[in-house]
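Survey of secondary and tertiary structure
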Amino acid sequence: LAHPLKLFFNRNRPVKMVRMSVLADCLKTISNAEKRGRRQVLIRPSSKVVIKFLQCMQQHGYIGEFEIVDDHRANKIVIELTGRLNKCGVISPRFDVSQDEIEKWIVNLLPSRQFGHLILSTTYGIMTHEEARRKKTGGKILGFFY
């Protein structure tokens, strides 16, 4: 049997942590910065899904402007925070949500029907649960914010 420390060290070098979900990482960073009362936060790396999620948050006024900084790698994003965000999170695994199941998820995840948004990845693109309802479509649930 291998020595317990040999599991963590490979030839005297520590094993690097891997990033499982770029979106989860991004939302947690935003949430932590918001709790600390920061005005700006730097997100890296970036992805198409992250950008679409941020656009949804921006349309509903939960974050301010954000700027994508091209670093010839996976890009960085600088986000202006408004202080309106209470909580945001990712739903993993990305469960399939049919049109009539959206209500069940709203009840489970959001504090009230008046505010908060679920983000779904649908065949029409990434959108909030209200847009998905208007377009009468379901999709995979990505996350939520309120």
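What counts and what doesn't
- Residues numbered from 1 in each chain as written.
- Predicted model: local features only at pLDDT ≥ 70, side-chain atom pairs only at ≥ 80, totals over all residues.
- Heavy atoms only, no water.
- Core = buried A, V, L, I, M, F, W, Y, C linked by side-chain atoms within 4.5 Å.
- Buried < 20%, exposed > 50% of the residue type's maximum accessible area, 1.4 Å probe, protein only.
- Helix = DSSP H or I, 4+ residues; strand = E, 2+ residues; numbered from the N terminus.
- Contact = heavy atoms within 4.5 Å.
- Disulfide = S-S within 2.5 Å.
- Axes fitted to C-alpha atoms, helices over the stretch in contact; angles between N-to-C directions.
- Parallel < 35°, antiparallel > 145°, perpendicular 65-115°, else oblique.
- Left-handed = near helix turned anticlockwise from the far one by under 90°.
- Nonpolar A, V, L, I, M, F, W, Y, C, P; charged D, E, K, R; others polar.
- Polar contact = N/O pair within 3.5 Å; in protein donor to acceptor, adjacent residues only side chain to side chain.
- Phe/Tyr/Trp six-rings, centres within 6.5 Å; stacked < 30°, edge-to-face > 60°.
- Lys NZ or Arg CZ within 6 Å of the ring centre and 35° of its normal.
- Pairing = 2+ DSSP bridges.

So, the nonpolar core
Side chains of a nonpolar character, in soluble globular proteins, are inclined to be buried together. Core analysis: the biggest nonpolar cluster contains 24 residues, and Ile30, Phe53, Leu54, Met57, Ile77, Ile79 and Phe145 have the highest contact counts within it. Among the elements that take part in this core, helix α2 (residues 48-59) stands out by supplying six residues, more than any other. Sequence-distant contacts of leucine 54, defined by excluding residues within four places in its chain, comprise Ile30, Ile63, Phe66, Ile77 and Ile79. Judged by nonpolar contacts, the second largest core, of 14 residues, contains Ile106, Met127, Ile141 and Tyr146.

Things to note about the state of the cysteines
Two cysteines, two sulfur atoms, one covalent bond between them: this is a disulfide. Counted by the stated rule, this structure contains zero disulfides. With no disulfide of its own, cysteine 56 lies closest to cysteine 26 among cysteine sulfurs, the gap being 13 Å.

What about the packing of helix α1 (residues 22-36) against α2?
One can describe the packing of α1 onto α2 by two numbers: an axis separation of 9 Å at closest approach and a directional angle of 40°. Judged on the interaxial angle alone, α2 and α1 are oblique. At the point where α1 passes α2, the crossing takes the right-handed sense. Note on element contacts: α2 touches α1 through Val49, Val50, Phe53, Leu54 and Met57, opposite Val22, Leu23, Cys26, Leu27 and Ile30. Classifying every residue of the contact of α1 with α2 gives 10 nonpolar, no polar and no charged.

Considering the side chain of aspartate 71
Its location among the elements puts aspartate 71 in the loop between β4 (63-69) and β5 (76-81). You can call aspartate 71 buried: its relative accessible area is 18%. Within polar-contact distance, the side chain of aspartate 71 engages the backbone nitrogen of asparagine 75 at 3.0 Å.

Looking at the packing of aromatic side chains
In this description, a pair of aromatic rings is defined by centroid distance and the angle of the planes. Per the counting criterion, the structure on display carries five aromatic pairs. With a centroid separation of 5.1 Å and an interplanar angle of 70°, the aromatic rings of tyrosine 62 and phenylalanine 145 are classed as edge-to-face. In this pair, tyrosine 62 sits in the loop between α2 and β4 while phenylalanine 145 sits in strand β10 (residues 139-145), placing the two residues 83 residues apart along the sequence. By relative accessible area, phenylalanine 145 is classed as buried at 0%. Ring geometry for phenylalanine 144 and tyrosine 146: centres 6.0 Å apart, planes at 20°, overall stacked. For the residue pair phenylalanine 144 and tyrosine 146, the accessibility class agrees, reading buried in each case. Here the aromatic cluster, defined as three or more aromatic residues joined through ring pairs, consists of Phe53, Tyr62 and Phe145. The aromatic ring of tyrosine 62 is capped on one face by arginine 84, whose charged end is 4.7 Å from the ring centroid.

Remarks on the sheet that holds strand β3 (residues 40-43)
The strand order across the open sheet built from three strands is β3-β5-β4, with neighbouring strands paired in antiparallel fashion. One side of each edge strand has no neighbouring strand; the edge strands of this open sheet are β3 and β4. When strand polarity is set aside, the average angle formed by the axes of neighbouring strands in this sheet is 20°. In this structure, β4 lies alongside β5, joined through five bridges in antiparallel fashion. When the bridges of β5 are listed, glutamate 67 appears paired with valine 78.

Keep in mind these numbers describe shape, not what the thing actually does.
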